[in-house]
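# Summary of the model geometry
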Amino acid sequence: MFSLEQLFDNVSYEIDYYQREYTWGAEEVRTLVMDLREAFRDYESDRQRRRRPSPASSYFLGPFVYYEEDPRARGKRRFLVDGQQRFITLHLLLLQLRNIAKELQLRRSLPELDRAVFSRDRTLTIGIAELAPVLRVLGDGRDWDIAPRDSLSVRNLVRRSRQITEHLHELFESDQYEDFVPWLLKYVMLAGIQATDADHGYRMFETMNDRGARLTPVDLLKSHLLSHVGENADELNRRWRQMLAELTIDRSDTDTASQFIKCVLLARYADQDETSHIEANLNVWARKNSERLGLRKEHDYFEFVENLLDIATRAKPFLVARTSLKEGYETVYFNERNGLSEQLAAVLAVIQPTDTLSEAAEKGRAICDFIDRWYVLQILRDRPVSPSEVGDLVYGNLVPSLRGVQTSKELMGRLAEMMAGDPLELSESSTFGLRPNNTHQVRYVLARLTAFVETGIGHPCDTVELLSSDKYDIEHLWAKHHGRVAAEIPDPVAFRARRNQLGALGLLPKRTNSSLNDLPLAEKLPHYSSHNALLGVLAPGYGERKPELQTFIKRHHLQKLMHRFAVNAKMMTIVETRQRLMLTLCALIWDPKALDRPPSETSGTPPRRRRTTHVAKMVDAGVIAPGTSIVMTHQGADHWAEIDAEGGIILRAVGGTPFDKVDDAGAVVKGTSNCSGMAAWHIVDPMGQRVSLRSLRERAIADGRLPSRGSRQRGRSH
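Residues numbered from 1 in each chain as written. Predicted model: local features only at pLDDT ≥ 70, side-chain atom pairs only at ≥ 80, totals over all residues. Heavy atoms only, no water.

## Thoughts on the packing of aromatic side chains
Given two aromatic rings, one states the distance between the centres and the angle between the planes to describe the pair. This is how the line gets drawn: Geometry of aromatic contacts follows a simple scheme: Phe, Tyr and Trp rings, the Trp one being its six-membered ring, pair when their centres are within 6.5 Å, and the pair is stacked under 30 degrees between planes, edge-to-face over 60, tilted otherwise. Runs of H or I in DSSP of at least four residues are treated as helices and runs of E of at least two as strands, each being numbered from the N terminus. In this scheme, a residue with accessible area under 20% of its type's maximum is buried, one over 50% is exposed, and one in between is partly exposed, where area comes from a 1.4 Å probe on protein chains only.
All told, the structure shown has 21 aromatic pairs when counted by the stated rule. Centroid distance Phe 40 to Phe 172: 6.4 Å. Interplanar angle 45 degrees. Geometry classified as tilted. Within this pair, whereas Phe 40 is found in helix 2 (residues 26-45), its partner Phe 172 is found in the loop between helix 7 (152-171) and helix 8 (177-187), the two being separated by 132 residues in sequence. In this structure Phe 40 comes out as buried when scored by relative accessible area, which is 2%. For Phe 172, a relative accessible area of 4% corresponds to the buried category. Ring centres of Phe 172 and Tyr 177 lie 5.7 Å apart, and the angle between their planes is 35 degrees; on these two criteria the pair is classed as tilted. Like Phe 172, the residue Tyr 177 is buried in the burial classification.

Structure follows, in structure tokens:
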């Protein structure tokens, strides 16, 4: 067994010719990072395990196969036979953690990450020639501009690197890295299987990839069901195969049936706290819970499989729509792309085996629209959209509230009441914009708004292209030159925050964005006119040439918001007007009245989950009072913020939408991607002394007002 620390200790990993390209997609990378984060949180919350680490403390990432060219050489070269995808992804993770450690000046973690990323001769520990130049650039904290000539591996490497960066910013506070990095290097383990030489390695590779498939949990569940129907096993098997045929989207997909059956069990039978059991061993859970599944007599087993077949037939459009944009099922695709794959369980909770195909489609689409709306509201409020929040929404709220709903009318009423209790308040997002941890989310909102306007004026629009970071960039109306507007906005922090607001952003093709990057706004405007209307409307004469745009503006009462501005218009005037425009468009797309159903009297409204950051927990515990002022000194100047009642951080220079983390508020002050917010921000005690939030938290842990480091607390709702 190798820990990551041992795995990358003065070793270079290379691959042989028969290995495939680097192809891991967004879902595989998301799953890996999320699983590592959850395993780390479990480790931290177990005091006994932290005091006395044991093999049980480890997180196993599976086996890999390798051979060594010369085991006696000082700097070893290992050739990967099997495990390339995981190794490259782990190396990307270590590179991005090293970039963060450099920026945050993490003295303990940086040397450890250096040893994992580089051999003693300073060559990268992943020695794949094709990828080395890209990895060098990414390891320097820079981005690689994807070019048409770049291979599939290079393109995918860059995309996954960007994705990992966003996940790290979203999932961790800066104070957690000094604990996460040692855990990652010491307790994440892989089992190494060593081949004797290249030929032996190739034979092992062929054997591992050509061997017969093992029985899956789905196969074992089928065997369990067949064992209870005696002589009628052939008929039950025939129906089971029909069900699998309905679920087969393409022949290369071997996971859909398992996902579907897991989601059926979670949606229709299981409790929320049983999610992990079903994810790990659905067949074992089904055997132990036969009574709950209604499996008592032979007839019940046929009825169970018949219901699976009927539900599969009605769910198939949703399974297909997860991977490509289908008319009428757009939010299914968007949710899947945004990491909300739990939507399937919520859909299956409301689809009944007896529904007509059209009624099942209507009910399922309403669920997916609701989840999409929840996601956007979380974004606009700068609240997390991590797996725990999504899991609470689906398994803690939607599934138990909607399980067994019979009619579309009943479902629409319940969803309408939920949305009425959680309205889109435009004032909550008055200064919302691009922050270090939300590039993917902001791009999604911009793409949806841009597409809404384009289709609204009758122009063709490819939303999938707008969502692609390979094809479109987020455009800042104002370049990163404070001096151009310093007379109007003297505070550089206020300027950085304003230029990142939603109202100061748009989407442009990458080449266009690159060519305009440094120009003043007045010189950009003529170029905007040849692109989407949301930016084009700012250009001189654009609106006058587009009668369809004027019709759109009047139809939605946007005359005071969607227009060009005078040549001498102030930056603040433009940003504030455009911010109201963007938020009004959000309301038009995600308006609770869209379902247009009367509220039900039987269901409650979903609670809004509280923040779970260090600061929010300190507010909850009474360590910090709501309204407390905090200060951060940067380049000789003091910058102030307030902590609100939920632990959000409101920059005094800007006001408006709270930051979820002190790290993000500090990064805006510094103009960087990362900031150790708990160390940088201070309260001022009654004696006039400044005390860092980190010191305040450590004191509260010492005197028992806060639980010890790593203890897990669920965010309270209100």
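## Examining the sheet that holds strand 5 (residues 188-194)
Our working definition: In short, DSSP must find at least two bridges between two strands for them to pair. Residues count as neighbours in contact if any of their non-hydrogen atoms are within 4.5 Å of one another. Note on definitions: angles span 0 to 180 degrees between N-to-C directions of axes, and those axes are lines fitted to C-alpha atoms, for helices only across the stretch in contact.
Taken in spatial order, the five strands of this open sheet run 1-5-3-4-2, and their pairing is mixed. Of all the strands in the sheet, just strand 1 (2-3) and strand 2 (11-15) have a single pairing partner and so form its edges. Here two bridges tie strand 1 to strand 5, and the two strands are oriented antiparallel to one another. Paired with Phe 2 across the strands is Leu 190, a residue of strand 5. Across the sheet, helix 4 (residues 84-104) is in contact with strand 2, strand 3 (59-68), strand 4 (76-82) and strand 5; its angle to strand 3 comes to roughly 110 degrees. Together, strand 1, strand 3 and strand 5 form the strand contacts of helix 8, whose direction differs from that of strand 5 by roughly 25 degrees.

## So, the layout of surface pockets
The criterion, for reference: Cavities and pockets were defined on a 1 Å grid built over protein atoms only: a cavity is a set of grid points that admits a 1.4 Å probe from which the probe cannot escape, a pocket is an open set flanked by protein on both sides within 12 Å along at least five of seven lines, and lining residues are those with an atom within 4 Å of any such point. Grid points are joined across faces, edges and corners, and a volume is the space filled by probe spheres set on the points. Put simply, Ala, Val, Leu, Ile, Met, Phe, Trp, Tyr, Cys and Pro go in the nonpolar bin, Asp, Glu, Lys and Arg in the charged bin, and everything else, Gly too, in the polar bin.
Considering only enclosed or pocket space, the second largest pocket measures out at about 490 Å³ in volume. Along its surface, the second largest pocket is lined by 25 residues, and Trp 478, Leu 521, Ala 522, Val 567 and Ala 569 are the ones closest to its centre. Taken together, the elements giving at least two residues each to the lining of the second largest pocket come down to helix 25 (521-528) and helix 28 (571-589). Ranked by the residues each element gives to the lining of the second largest pocket, the list is headed by helix 25, at four residues. Residue classes in the lining of the second largest pocket are distributed as 19 nonpolar, two polar and four charged.

## Focus: helix 11 (residues 233-247)
The following threshold applies: To estimate the expected span of a helix, subtract one from its residue number and multiply by 1.5 Å. Note: the arc covers the axis-to-C-beta directions of the helix.
Here helix 11 is 15 residues long and its end C-alpha atoms lie 21 Å apart, about the 21 Å a rise of 1.5 Å per residue gives. Where helix 11 is concerned, the buried positions are Leu 236, Trp 240, Met 243 and Leu 247. The buried residues of helix 11 occupy an angular sector of 55 degrees when the element is viewed end-on, so they sit on one face. For helix 11, the exposed residues set more than 90 degrees away from the buried face come down to Asp 234 and Arg 241. Check the buried side of helix 11 and you find it contacts helix 10 (217-226), helix 12 (256-268) and helix 15 (298-321).

Take it as geometry only, folks, not as evidence of what the structure does.
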